[in-house]
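Listed here are the chains, written in short residue letters.
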Amino acid sequence: MSDLNHSLYNDFPQYAERIRQLKQENETFARLASEYHKLDHSVRGLEMRNVPTTDENFEQMKLRRVQLKDQIMKMLQ
C-alpha cells in the first residue's frame, strides 16, 4: 500500500507553473491531466482502503496512470 500523493504538482514541482499554463491553454493536456488526476485518486483510494478489486483491474489502472504520466511529462518538456 502506498499513501504517497502522486499528483502532478507533487511529482513535478519544477513544472508547477507550466502545468497550470498548459491546463488553461492546451485542451489535450487538460484532458490528460484530468484523466490522470481521476485515475490517481481512484488508485490511491483503493490502496488506502484496501478495497477488494481484481489484481488485473488494479494493475491495469496503475499501468494507465504511468502511461498518462509519461505523455504528460513529454508535453511538459
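An account of the accompanying structure is given in this report. Everything numeric in this text was worked out from a predicted model, so none of it was measured.

**Details of the packing of aromatic side chains**
Thought 1: Counted according to the given criterion, the structure contains one aromatic pair.
Thought 2: A ring pair is formed by F12 and Y15, whose centres lie 6.4 Å apart and whose planes are at 70°; its orientation type is edge-to-face.

**Quick notes on helix α4 (residues 55-76)**
Thought 1: If you check α4, its first and last C-alpha atoms are 31 Å apart, about what 22 residues at 1.5 Å a residue would give, namely 32 Å.
Thought 2: Along α4, the residues that are buried comprise F58, M61, R65, L68, K69, I72, M73 and L76. One side of α4 holds all its buried residues, which, seen down the axis, span an arc of 140°. Of the exposed residues in α4, those oriented more than 90 degrees away from the buried face are D55, E56 and K74.
Thought 3: Residues of α4 that are buried sit in contact with α1 (8-11), α2 (16-25) and α3 (27-49).

**As for the nonpolar core**
Thought 1: Counting 17 residues, the largest nonpolar core has L8, F12, I19, F29, I72 and L76 as the members making the most contacts within it.
Thought 2: Secondary-structure elements contributing two or more residues to this core are α2, α3 and α4.
Thought 3: In terms of residues, this core owes the most to one element, α3, which gives seven residues.

**Comments concerning the environment of E35**
Thought 1: Here E35 is to be found in helix α3.
Thought 2: Under the relative-accessibility criterion, E35 is labelled partly exposed at 30%.
Thought 3: For the pair E35 and R18, spaced 17 residues apart in sequence, the C-alpha to C-alpha distance is 18 Å.
Thought 4: Setting aside chain neighbours within four positions, we find E35 in contact with R64 and L68.
Thought 5: A distance of 3.0 Å separates the side chain of E35 from the side chain of R64, its partner in a polar contact.

Conventions we followed
Residues numbered from 1 in each chain as written. Predicted model: local features only at pLDDT ≥ 70, side-chain atom pairs only at ≥ 80, totals over all residues. Heavy atoms only, no water. Phe/Tyr/Trp six-rings, centres within 6.5 Å; stacked < 30°, edge-to-face > 60°. Helix = DSSP H or I, 4+ residues; strand = E, 2+ residues; numbered from the N terminus. Expected span 1.5 Å × (residues − 1). Buried < 20%, exposed > 50% of the residue type's maximum accessible area, 1.4 Å probe, protein only. Arc of directions from axis to C-beta. Contact = heavy atoms within 4.5 Å. Core = buried A, V, L, I, M, F, W, Y, C linked by side-chain atoms within 4.5 Å. Polar contact = N/O pair within 3.5 Å; in protein donor to acceptor, adjacent residues only side chain to side chain.

Everything listed here is a matter of coordinates, which is why it stays silent on function.
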